[in-house]
Amino acid sequence: MALELSAAASRITGIPEHDILVVIQDGPARSAVEAGQVLPDPGQEKEWLSQHEE
């Protein structure tokens, strides 16, 4: 998957593949932030969405 992502990023951006770093790291959702919000743990998405609807 990392090789495919690297190739796609190179193709889309025109950046040489040897200048692209792809890291896939597994970790708990609470370690990730999107749009300034800590992501919910698996199974908590529905509750999280109801609390974060705009």
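Residues numbered from 1 in each chain as written. Predicted model: local features only at pLDDT ≥ 70, side-chain atom pairs only at ≥ 80, totals over all residues. Heavy atoms only, no water.

Attention now moves to a nonpolar patch on the surface. Among the surface-exposed residues, M1, L5 and I24 lie close enough to one another that they form a single nonpolar patch of about 340 Å² accessible area. Examined against the element boundaries, L5 turns out to sit in helix α1 (residues 2–13). A relative accessible area of 42% places L5 in the partly exposed class. (Patch = residues over 30% accessible without salt bridge, like charges linked within 9 Å, V, L, I, M, F, W, Y side chains within 5 Å. Areas by Shrake-Rupley, 256 points an atom, 1.4 Å probe, with all protein chains shown as cover. Salt bridge = Lys/Arg side-chain N within 4 Å of Asp/Glu carboxyl O. Helix = DSSP H or I, 4+ residues; strand = E, 2+ residues; numbered from the N terminus. Buried < 20%, exposed > 50% of the residue type's maximum accessible area, 1.4 Å probe, protein only.)

What follows is about the side chain of S10. Along the chain, S10 falls in helix α1. According to the relative accessible area criterion, S10 is buried, its value standing at 16%. Among the polar contacts made by the side chain of S10, one reaches the main-chain amide nitrogen of E17 at a distance of 3.5 Å. Discounting residues that sit within four places of it in the chain, S10 has contacts with I15, P16, E17 and I20. (Polar contact = N/O pair within 3.5 Å; in protein donor to acceptor, adjacent residues only side chain to side chain. Contact = heavy atoms within 4.5 Å.)

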